[in-house]
Amino acid sequence: MVLRLGIDVGGTNTDAVILDGRKVLAGVKCTTTEDVMSGISEALEAVLEKAGVERANVDVAMIGTTHFTNAVIERRALDPVAAIRLGLPATACLPPMVDWPEDLAEVVGGHRYMLHGGYEFDGREIAELDRDGLRRIADEIVAKGIRTAAISSVFSPINREMEEEARDILQAAVPGLSVVLSSEIGRIGLLERESAAIMNASLLSLADKTITAFGDALKGAGLTCPFYVTQNDGTLMAADMVRRFPVLTFASGPTNSMRGAAFLTGVKDAIVIDIGGTTTDVGSLQKGFPRQASTVVDVGGVRTNFRMPDVFAIGLGGGTIISGEKDDLTIGPKSVGYRLGSEARVFGGGTLTCTDIAVAAGEAEIGDPSKVSDMDPDFVAAVRARIGEMLEDAVERSRVSPEPLPVIAVGGGSILAPDRIGDLEVLRPENFAVANAVGAAIAQISGEVERIFSLASQSREDCLAQADSEARATAINAGAVAETLDVIEREDVPLAYLPGNATRIHVKVVGDMEGLDA
């Protein structure tokens, strides 16, 4: 069997598990520290001791992190970026970062450039690439000491040649400049794709430091195994890939929880509620993976269109503050968060939280039950009923069919979930509190293809087969076992506005990592 170490770094807790094949040997929760790395080291040492395994026997480590999402939300550790768009004379009225919050645009420098170039929807050039303009921008980049650039071209997902040529011109003029191309990250929509590329570019230095620190933390614990980072579709990225595309880790925390929920229950289609200390994340599980969002996704106040799980959050968790009486009851969204261990009543504090209610109702054994033993049973019942209503509203919002799918409750706060939500059964699996770390530990390898095919000279079936083959080859090259690959997404969208009877095909496959059996 293969020993896998899974670590999930959340805003409140850092969780770690050791898996032997499909068996969870041990799971621990530690408080996330300000420097993140010491929290990882603490969780690492605790789970190794609890599992009783030799460090040398751990075969692989998988890490999930909210590090990069939090950096954008908190506006910290972001690099200045030269945001260059190729599209004039079109798009002039909407410059790069036009819809960004002012504070975030200021943090990344507000360096906006617009040049002639780009393509029409049918692949014709809007204008010739302004090569002289690029060289002038290169001079400004040097003068301003900028180290990263993001290049976006109109309709570059159809033709990325101009973006690639612009990158080559800049890097020839500015050796060592890091360049992100929008066609490598986002979809057709220009502003959202451009914003995703700029955001990714601003995170490159942080990504390099973080990945280096992850490696150092593992080495410091005496682990010599390879490590991977989970991305937001429930699959893995090698360290070098994270250094290039840190935005692909956004929302990997909820994704890990949903993948862990599927693994721990064996249920592939369900609604998952992940109840943490401050919020509850809710999403739909399809074939064991989170359903992907089909529209733009807001990250830190910026609209982006790169892939993200379709997960939303409500202000309900173990640390959620309760105020008022039965008739004017208020639950959240404020929370004591990581101060739960000192401010909740069962821990000797003076703030009434959802955890206190769970203990008073006899549904959890945490802290000192005598400190909530005098609570009015009718009030406790009223709070429980309101929590049930909040969860039912969230679950109904996530349902896409009338099928009676089960609800899987995971996370340290899932003691708050009732046994049934509406007409749906609630499953609470063993090791539910560390489902996110389990999800990280079982993450798989993916391969993906999304491009436009012409049906003028080949059939649709042949195009689908070609895309399928390319996606499988990508996954195998990344380390997946061919026999375990399974197609989880296949889209075929005819593009009537393009010549040659064109169609956009998207295929995604996933499989187990070589030597593993998830």
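First, a word on scope: everything that follows refers to the structure included in this document. Along every chain, residues carry numbers that run from 1 in the direction the sequence is written. Owing to the predicted nature of the model, reporting of local features is limited to residues with pLDDT of at least 70; listing and counting of side-chain atom pairs is limited to 80 or more, with chain, interface and lining totals taken over all residues. No hydrogens and no water enter the side-chain calculation; it runs on all heavy atoms of the structure.

1. Section: the overall build of the protein
Thinking step 1. Helix and strand assignments come from DSSP, with helices taken as H or I runs of at least 4 residues and strands as E runs of at least 2, each series counted from the N terminus. When you go through the protein residue by residue, the secondary structure sums to 14 helices and 24 strands.
Thinking step 2. Computation of the radius of gyration draws on C-alpha atoms alone. For the globule rule, the value is 2.2 Å times the number of residues to the power 0.38. Relative to the 2.2 N^0.38 estimate, which gives 24 Å for 518 residues, the radius of gyration of the protein is 24 Å and therefore close to what a compact globule would have.
Thinking step 3. Seen through its C-alpha atoms, the protein measures out along the principal axes to roughly 75 × 50 × 50 Å.
Thinking step 4. We call a residue buried when its accessible area falls under 20% of the maximum for its residue type, exposed when it is over 50%, and partly exposed in between, using a 1.4 Å probe and counting protein chains only. In the protein, which comprises 518 residues, the share counted as buried stands at 54%.
Thinking step 5. Across the protein, the fraction of contacts at a sequence separation of at least 24, relative to all contacts at a separation of at least 6, is 66%.
Thinking step 6. The centroid of the 47 positive side-chain charges in the protein is displaced by 2 Å from the centroid of its 75 negative side-chain charges. Contacts were defined at the residue level, with two residues in contact if any of their heavy atoms lie within 4.5 Å. When charges are counted, Lys and Arg contribute as positive and Asp and Glu as negative, whereas His and the chain ends are disregarded. Working definition for charges: the position is that of NZ of Lys, CZ of Arg, CG of Asp or CD of Glu.

2. Points about the packing of aromatic side chains
Thinking step 1. Pairing of aromatic rings covers Phe, Tyr and Trp, the last counted by its six-membered ring, and requires centre-to-centre distances within 6.5 Å; plane angles under 30 degrees mean stacked, over 60 mean edge-to-face, and any other angle means tilted. What the rule picks out here adds up to 0 aromatic pairs.
Thinking step 2. To sit over a ring, a charge needs its Lys NZ or Arg CZ within 6 Å of the ring centre and within 35 degrees of the ring normal. Sitting over the face of the ring of Phe289, Arg259 holds its NZ or CZ atom 4.1 Å from the ring centroid.
Thinking step 3. Just above the ring of Phe312 sits the side chain of Arg397; from NZ or CZ to the centre is 3.8 Å.

3. What to know about the nonpolar core
Thinking step 1. In terms of nonpolar packing, the biggest core is built from 64 residues, with Leu5, Leu203, Phe227 and Phe250 touching the most fellow members.
Thinking step 2. Grouped together as the second largest cluster of nonpolar side chains are 35 residues, Leu352, Cys354, Ala409 and Ala417 included. The term nonpolar core refers to a set of buried residues drawn from Ala, Val, Leu, Ile, Met, Phe, Trp, Tyr and Cys, joined through side-chain atoms within 4.5 Å.

4. Focus on helix H6 (residues 190-202)
Thinking step 1. Here H6 spans 18 Å end to end across 13 residues, near enough to the 18 Å set by a 1.5 Å rise per residue.
Thinking step 2. Taking burial as the measure, the 13 residues of H6 include 12 buried ones, the bulk of the element.
Thinking step 3. Along H6, the residues that are buried comprise Leu190, Glu192, Arg193, Glu194, Ser195, Ala196, Ala197, Ile198, Met199, Asn200, Ala201 and Ser202. A helix is expected to reach a length of 1.5 Å times the quantity of its residues less one.

5. Structural notes on the side chain of Ser414
Thinking step 1. Its location among the elements puts Ser414 in the loop between strand E19 (407-410) and strand E20 (420-421).
Thinking step 2. From its side chain, Ser414 meets the backbone oxygen of Gly411 in a polar contact 2.9 Å long.
Thinking step 3. Discounting residues that sit within four places of it in the chain, Ser414 has contacts with Ile275, Ala409, Arg428 and Phe432. Whenever a nitrogen or oxygen atom comes within 3.5 Å of another N or O atom, the pair is scored as a polar contact, on the condition that within protein one atom can donate a hydrogen and the other can accept it, and that pairs from neighbouring residues in sequence are kept only if both atoms are in side chains.

6. Notes on a negative patch on the surface
Thinking step 1. Candidate patch residues must exceed 30% relative accessible area and have no salt bridge, after which like charges are joined if within 9 Å and Val, Leu, Ile, Met, Phe, Trp or Tyr side chains if within 5 Å. Here the accessible surface of atoms and residues is derived via Shrake-Rupley with a 1.4 Å probe, and residues count as covered only by protein chains that are part of the display. Basic side-chain nitrogens of Lys or Arg form a salt bridge, by our definition, when they fall within 4 Å of a carboxyl oxygen of Asp or Glu. Side chains of Glu325, Asp327, Asp328, Asp376 and Asp378 sit close together on the surface and give a patch of like negative charge.
Thinking step 2. We classify Asp378 as partly exposed; its relative accessible area is 48%.

7. Considerations on unusual backbone geometry
Note: most residues except glycine have negative phi, and most peptide bonds are trans.
Thinking step 1. Put simply, Leu88 and Pro89 share a cis peptide bond, and its omega is 10°.
Thinking step 2. The phi dihedral of Ala77 is positive, around 60°, even though this residue is not glycine.
Thinking step 3. In this fold, Ala77 is placed in the loop between helix H2 (67-74) and strand E5 (81-88).
Thinking step 4. Looking at Ala77, the relative accessible area reads 42%, which means it is partly exposed.
Thinking step 5. Phi angles above zero are rare outside glycine, and Phe155 is one such case at about 55°.
Thinking step 6. With respect to the helices and strands, Phe155 occurs in the loop between strand E7 (148-153) and helix H5 (161-173).

Taken by themselves, the reported measurements are silent on function.
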